[in-house]
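Chains, contacts and geometry: an overview
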Amino acid sequence: MAGGLVALFDDVALIARAAAASIDDVGAAAGKASIKAAGVVVDDTAVTPQYVQGLSAEREIPIIRRIAVGSLRNKLLVILPVILLLSEFLPWLLTPILMLGGAYLCYEGAEKVWHRLTGHSAAHGDAEGQPPDEDALVRGAVRTDLILSAEIMVISLNEVASESFWSRLAILAVVGVLITVLVYGVVALIVKMDDAGVRLSRSDKKGIAGLGRGLVKGMPRLLTALTVIGTAAMLWVGGHILLVGSDELGLHAVYGLVHHLEEAAHEATGALGGVVGWLVNTFASALVGLAVGALVVLVLNLTVHRRKGGAEAHESAAGGH
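Not measured: the values here are computed from a predicted model.

**Regarding the packing of helix α9 (residues 253-268) against helix α10 (residues 273-302)**
Interhelical geometry of α9 versus α10 gives an angle of 150° and a closest axis separation of 7 Å. Taken as axis vectors, α9 and α10 run roughly antiparallel relative to one another. Where α9 crosses over α10, the handedness of that crossing is right-handed. Between α9 and α10, the contacting residues are Val254, Val258, Leu261, Glu262, Ala265 and His266 on the first element and Gly273, Gly274, Val276, Gly277, Trp278, Val280, Asn281, Ala284 and Val288 on the second. A breakdown of the residues in the contact of α9 with α10 according to their chemical character gives nine nonpolar, five polar and one charged.

Pasting the structure below:
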């Protein structure tokens, strides 16, 4: 009996060690996959703060919380099951679906550029000073997050493609939760920095008070800069998705040209070659994103938006009678 108990305890210890090793493997793989997706994480962090511009201070955190919940729902309940099933049964569909998402990001970025060039206000409020429609803000943010989250999860999936189905499921779930907490935690800190600045500016210590005033003065500039970075990030990520996807589908010309320019810049700049090559690739991807996005904006303005505007004008004229 004693020998049996010892053997049982040995088996339990072996199972425990195997489970611990498995957890360690999942954590390590999740960390590796998260690092590979870091570029898109930065883009996601830069894009999100623009959605709370124009909101009252007390509504900023609740809106960010709603967007974060929507982001987590996107990753765990929509993207994760879809990409796992596709990777098992229809792996060739992942690239076209990702390219559609990339085209949408290009459209979002180009539309913001169009609004800036034409003087049209963004859809966060109207010209009469009405408060922004919070539900519309959350829907827009979650919709954009869906594309960025899909890119993050697909990049992460590629890093663990050799793992078993259940390992991939666990790793990607960990990645989804960690990245959501990271992105929206940083976003919450960014948008509340001005409130922290106001509190610090009331300090009796001159140094702390000066820091607080600096935060208050700097926040509008930071938010404006993040809006620009977010727009550029949409164009860059969207364009890069389209470039890589077109190459995977056998259309090598544009990707080959960008890759050639990147390599030429790398070789011509010596020790800075890696950074310069990356910048060239990023700039070229953003140009591709802007071109594709501008084309989509043009088509929509000539079709859907024109019909919508005509219908609104017709209703207005009918109302006048």
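Structure's up, so let's keep going.
**A short note on the nonpolar core**
Ile83, Leu105, Met153, Leu157, Leu172 and Val237 are the most contacted members of the largest nonpolar core, which totals 21 residues. For this core, the elements supplying multiple residues, two or more each, are α3 (57-89), α4 (94-118), α5 (134-159) and α8 (206-248). At six residues, the largest contribution of residues to this core is made by α5. If we skip the residues at most four places from it in the chain, isoleucine 83 touches Leu94, Met153, Val154, Leu157 and Leu172. Ala68, Val138, Val142 and Val187 belong to the second largest nonpolar core, which has 16 residues in total.

**Quick look at the side chain of serine 87**
Following the sequence through the fold, serine 87 ends up in helix α3. Only 2.7 Å separates the side chain of serine 87 from the backbone oxygen of leucine 84, close enough to count as a polar contact. Beyond its immediate chain neighbours, meaning those up to four positions away, serine 87 contacts Leu94, Leu157 and Arg168.

Rules behind the numbers
Residues numbered from 1 in each chain as written. Predicted model: local features only at pLDDT ≥ 70, side-chain atom pairs only at ≥ 80, totals over all residues. Heavy atoms only, no water. Axes fitted to C-alpha atoms, helices over the stretch in contact; angles between N-to-C directions. Helix = DSSP H or I, 4+ residues; strand = E, 2+ residues; numbered from the N terminus. Parallel < 35°, antiparallel > 145°, perpendicular 65-115°, else oblique. Left-handed = near helix turned anticlockwise from the far one by under 90°. Contact = heavy atoms within 4.5 Å. Nonpolar A, V, L, I, M, F, W, Y, C, P; charged D, E, K, R; others polar. Core = buried A, V, L, I, M, F, W, Y, C linked by side-chain atoms within 4.5 Å. Buried < 20%, exposed > 50% of the residue type's maximum accessible area, 1.4 Å probe, protein only. Polar contact = N/O pair within 3.5 Å; in protein donor to acceptor, adjacent residues only side chain to side chain.

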